[in-house]
Amino acid sequence: MTPASPIPAVQPDSTPGESPAGVRPPPATEVPDDREENAGTWTGGLRRAWTAKLPPDKLLPERQPAYVASWIYIFGVATLAAFLVIIATGLVLAFTGPAWYHTSSLGLFTNSMHFWSVQLFFVFMVVHLWGKFWMAAWRGRRVMTWITGVVAFLASIGTAFTGYLVQTNFDSQWISFEAKDGLNAVGIGAFFNVADLGQMLLLHACLLPLVVGVIAVWHLLLVRLRGVVPPIDAVDKEVSTASLADDSVSEARP
Amino acid sequence: MDPIYLASVSDPATYVGWGWLSVSIPNLIVILVMIALFVLAIVLPFPNGRDKS
């Protein structure tokens, strides 16, 4: 038994017992297509716009161009992996609190995981940045991909900085009192008070990770939309898949 | 002293400098590691990389 379909299907192999005589499939003009069915709804419009721009096989591809098989292309996803570890360990720290992660062995381990995954996050992101800079990754209508990466980098610096401030140890006290003079000097100390633990904690645990996460998702969607940037000398040699045809055209532009 | 003690994050870092440039040894190590990673990522061949076009 086949599942019900909104579109009346032609059944060429139906038997006389199942199909009464004289019944014929409706003409093509009577078949409601997807566009007519959802006309006027914003959800349908959004879905059509999304799937037209970024169909599932482009969003989650199974094959990549040959030039992606290089270690320099690893660091973007390595950054993402480190970010996921940061989020996971950060959630544990948020639910348990400093009385746990400053005293128990498992707490200290989790706290260290959070700290060191941040170090790896920045190492991977900087190498990713260098790689993309030297291959001019803004080519082929990828300017927004580059810009979202830069903004994600800056937001990550702010997130890491507030993280250093909420360690609730002498390091954080030292860092905050070193930073406050500089921030006061540029006039933002009244709004961004590094000596205010509550403000820094909320920024670090609530707002800034959300900002980094949203920009990172945006960045990833743009990467899928425009494709992974090819090396400068690889356009004519290795780019042969259909998905990269647009990029090849874009590369030809001045 | 603990036999496996190398350094504590609470200890002050050692700084090196050339003229106006001053950088702590830990930061210098991180920068050199990143440069090494970058160079190795370009130079080292990717395993089974050529059959995925």
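Residues numbered from 1 in each chain as written. Chains lettered and ligands numbered in written order. Predicted model: local features only at pLDDT ≥ 70, side-chain atom pairs only at ≥ 80, totals over all residues.

**Concerning the nonpolar core**
(1) Moving on: With 16 residues, the main nonpolar core has Ala82, Ile86, Phe121, Phe124 and Val127 of chain A as its most contacted residues.
(2) Moving on: Secondary structure elements with two or more residues in this core: helix H4 (75–96) and helix H6 (105–134) of chain A together with helix H1 (25–43) of chain B.
(3) Moving on: Per-element accounting of this core gives the leading share, six residues, to H6 of chain A.
(4) Moving on: Those residues in contact with Val127 of chain A that sit more than four places away from it in its chain are Phe75 of chain A together with Met34, Leu37, Phe38 and Ala41 of chain B.
(5) Moving on: Within the second largest apolar cluster, ten residues are counted, among which are Val194, Met200, Leu203 and Leu208 of chain A. (Core = buried A, V, L, I, M, F, W, Y, C linked by C-beta atoms within 7 Å. Buried ≥ 20, exposed ≤ 12 C-beta atoms within 10 Å, placed from the backbone. Helix = DSSP H or I, 4+ residues; strand = E, 2+ residues; numbered from the N terminus. Contact = placed C-beta atoms within 7 Å.)

**Looking at the environment of Ala41 of chain B**
(1) Moving on: Secondary-structure assignment places Ala41 of chain B in helix H1.
(2) Moving on: Taking the number of C-beta atoms within 10 Å as the measure of exposure, Ala41 of chain B has 19 and is therefore partly exposed.
(3) Moving on: Contact partners of Ala41 of chain B, with chain neighbours within four places excluded, come to Trp71, Ile72, Ile74 and Val127 of chain A.

**Considering the domain arrangement of chain A**
Residues and elements named next belong to chain A.
(1) Moving on: The domains assigned to chain A are domain 1 (71–128) and domain 2 (135–254).
(2) Moving on: Domain 1 puts nine residues into the contact, and the matching count from domain 2 is nine residues.
(3) Moving on: Per-element accounting of the side of domain 1 that touches domain 2 gives the leading share, five residues, to H4. (Domains from an automatic or database assignment.)

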